[in-house]
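# Structural overview for review
These are the residues of each chain, in order.
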Amino acid sequence: MRRAWLALLLAGCAQNAILELTFEVPTADAAGVAGATVAVLEFRSDASTVPPSGVLGTDMPSATLLLPPGGPVTQVVSVVAPGDAVETPLWVGVHYCAREAGCLGADFNPMNQSWVRYERAFYVGEYTEHGLPLPAAMERVDVDACLVYGCLDRERPSSGACDMAGVHACEQ
Amino acid sequence: MRTVLALTLSLFPAFAAAQYRVEPPSREPTEADIEQARELFMQGAERVEQGRWADAVSAYEESYRLSGIPAALFNTATTLRSMGRHRDARDLFRQVLEVEDLDPETREMAESRMREEAGRVALILLTGLAEAPDARLELDGQTVEGPRADPVELETDPGEHAVSVLREGYAPWREALTLEDGGRQSLRVELTPLRGAELWESPIFWTVLVLVVVGGGVLGGVLAQDAAQLRPREGLGMVVEL
């Protein structure tokens, strides 16, 4: 019942947020991923400062990208976060495997994996975006909140999503 | 007391169940009473000539109350007859006939006119009121009191009339009718329950209404909130939900 009343009060207000990630997917023969045919992306809302560990279950948020045989391609993944996850850092795990089964479930044993950590990627009721090459080598990439674009006036030149005080445009 | 009675009788509608009567003096009239009655009788005659029928009736009635002279009562009845108040006229001619020492000529005339007036009294017969003993019956806007038979008989004068039956929880029943001299008309009273009013008064109605309003509001709110959520832009690629 409380949820119902809350729904009434909040009717008309978006409670979720969306991050549009644009990846440059490496070719199958790229350095560090030779022999892999797929990259399975794992998405976790996790406040930890170290990469999550453990098996990527089939019921966990993920996306499978096929590594192209020719030149690199771009792929967009829209990540929808509920309202209670917007302020938590987002971890994106990149697992490379010869076949998809090796990156998901009980047979989880990726050839190579990297992690991208977004300090903050979401703002309630806002679309944000970020683009990066899919890391190929085993590495960790930390993305500052000010590099996640959103809520900006596209007509106005800007070097980042934050003002001089470091406040993100979506929080102003 | 007599004045009050006179006023009551003059205002009493023709359809009332009680007979129209003018009471004679309760004691032997004095010389002064006789003298005043004579003056009133003369006034009555003058007012008849002037066409002031109601004033004439008042004067004749008061004259009779003071003196008990049958001529005053007879003239009252005759004036009522001229006014078209046939039911009252009939009653007073009948009252004239109750006088024991009435002269034969007046008696014969009273009998004749009583029958004539009785033949002009109109009658409305109402059926269907036995099931509604608490209903209020009105004739020409005035409440009809008294015991209810089935059918209810309403004596009245010829002309246009309106009959209404009002009962709590039911739609008012109304009928307009025109009666000829001596006419009779039967009417069936059919009261329709006010379902809307019953519903309105029901706590179940209010409970259901509140539930519908609150439920609708909550559902509307949930739907509105769902509709307001951000959705992935179409054609961009894959979608992952945390």
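Residues numbered from 1 in each chain as written. Chains lettered and ligands numbered in written order. Predicted model: local features only at pLDDT ≥ 70, side-chain atom pairs only at ≥ 80, totals over all residues. Heavy atoms only, no water.

### Considerations on the overall build of chain A
Counted only if it meets this: Helix numbering and strand numbering both begin at the N terminus, where a helix is a DSSP run of H or I of at least 4 residues and a strand a DSSP run of E of at least 2. To sort residues, take the accessible area from a 1.4 Å probe on protein chains only and compare it with the maximum for the residue type: under 20% means buried, over 50% means exposed, and anything in between is partly exposed. Contacts are assigned to residue pairs that have any heavy atoms within 4.5 Å of one another. What sets the accessible areas is the Shrake-Rupley method with a 1.4 Å probe; for residues, cover comes only from the shown protein chains.
Within chain A one finds 1 helix and 9 strands. Secondary structure elements in chain A, listed N-terminal to C-terminal, are α-β-β-β-β-β-β-β-β-β. Scored against the burial criterion, the 172 residues of chain A give a buried share of 47%. Residue pairs at least 24 apart in sequence account for 72% of intrachain contacts in chain A once pairs closer than 6 positions are excluded. When the accessible surface of chain A is totalled, it reaches about 8600 Å², and 54% of it is carbon and sulfur.

### Describing the sheet that holds strand S5 (residues 90-97) of chain A
Residues and elements named next belong to chain A. Filter applied, for reference: When DSSP finds two or more bridges between two strands, those strands count as paired. To define axes, lines are fitted to C-alpha atoms, for helices over the stretch in contact only, and angles between the resulting N-to-C directions are given on a 0 to 180 degree scale.
Strand order in the open sheet formed by 5 strands is S3-S2-S5-S6-S8, with mixed pairing between adjacent strands. Strands with a single pairing partner mark the edges of an open sheet, and in this sheet they are strand S3 (62-66) and strand S8 (140-143). Geometrically, the sheet is characterised by an average inter-axis angle of 20 degrees between neighbouring strands, direction not taken into account. Taken together, the 8 bridges between strand S2 (residues 38-45) and S5 define a ladder with antiparallel strand orientation.

### Observations concerning the interface of chain A and chain B
One frequently used descriptor of interface size is the decrease in accessible area upon assembly of the parts. Operational definition: Here's the idea: put two parts together, see how much 1.4 Å probe accessible area each one loses, and the total over both is what we call buried area. By definition here, a salt bridge exists when the distance from a side-chain nitrogen of Lys or Arg to a carboxyl oxygen of Asp or Glu is within 4 Å.
Taken together, the contact between chain A and chain B spans 36 residues of the former and 20 residues of the latter. Here chain A meets chain B over a buried area of about 2200 Å², counting both sides, of which 67% is carbon and sulfur. Three residues, Ser-78, Val-80 and Tyr-127 of chain A, lead the burial of chain A against chain B; their summed loss comes to 22% of the area buried on that side. Across the contact surface, chain A and chain B share 1 salt bridge.

### Topic: the side chain of Glu-42 of chain A
All names here are of chain A. Put simply, the rule is: Polar contact is defined as a pair of N or O atoms within 3.5 Å, subject to the rule that within protein one atom must be able to donate a hydrogen and the other to accept it, and that residues adjacent in sequence are counted only when both atoms are side-chain atoms.
As for its placement among the helices and strands, Glu-42 is situated in strand S2. A polar contact is formed between the side chain of Glu-42 and the side chain of His-95, at a distance of 2.6 Å. Setting aside residues no more than four positions away along its own chain, Glu-42 makes contact with Leu-56, Met-60, Pro-61, Trp-91, Val-92, Gly-93, His-95 and Trp-115.

### Observations regarding the packing of helix H4 (residues 70-83) of chain B against helix H5 (residues 86-97) of chain B
Between two packed helices, the angle of one axis relative to the other and the distance separating the axes together describe the packing. Residue and element names in this part refer to chain B. As a reminder of what qualifies: We call two directions roughly parallel when the angle between them is under 35 degrees, roughly antiparallel when it is over 145, roughly perpendicular when it lies between 65 and 115, and oblique otherwise. Here a crossing is taken to be left-handed if its near helix is turned anticlockwise relative to the far helix by less than a right angle, and right-handed if that turn runs clockwise. Charged residues are taken to be Asp, Glu, Lys and Arg, nonpolar residues to be Ala, Val, Leu, Ile, Met, Phe, Trp, Tyr, Cys and Pro, and polar residues to be all remaining types, Gly included.
Taken N-terminus to C-terminus, the directions of H4 and H5 make an angle of 160 degrees; their axes are 8 Å apart at the nearest point. On the basis of their axis angle, the class for H4 and H5 is roughly antiparallel. As for how H4 packs across H5, the hand of that crossing is left-handed. Contacts between H4 and H5 involve Leu-73, Phe-74, Thr-76, Ala-77, Thr-78, Leu-80 and Arg-81 on the former and, on the latter, His-86, Asp-88, Ala-89, Leu-92, Phe-93, Gln-95 and Val-96. Grouping the amino acids of the contact of H4 with H5 by side-chain chemistry returns 8 nonpolar, 4 polar and 2 charged.

### A look at the pattern of salt bridges
Side chains that differ in charge, positive against negative, can pair when their charged atoms come close. Residue and element names in this part refer to chain B. Counted by the stated rule, this structure contains 24 salt bridges over all chains. A salt bridge links Arg-81 to Glu-117; the nearest nitrogen and oxygen atoms lie 3.4 Å apart. One end of the pair, Arg-81, is in helix H4; the other, Glu-117, is in helix H6 (residues 104-120), with 36 residues separating them in the sequence. Residue classification places Glu-117 among the buried residues on the basis of a relative accessible area of 0%. Here Asp-181 ties to Arg-120 by a salt bridge, and the two come within 2.9 Å at their closest N and O atoms. Of this pair, Asp-181 sits in the loop between strand S6 (173-179) and strand S7 (184-188) while Arg-120 is found in helix H6, placing the two residues 61 residues apart along the sequence. Owing to a relative accessible area of 44%, Asp-181 belongs among the partly exposed residues under this scheme.

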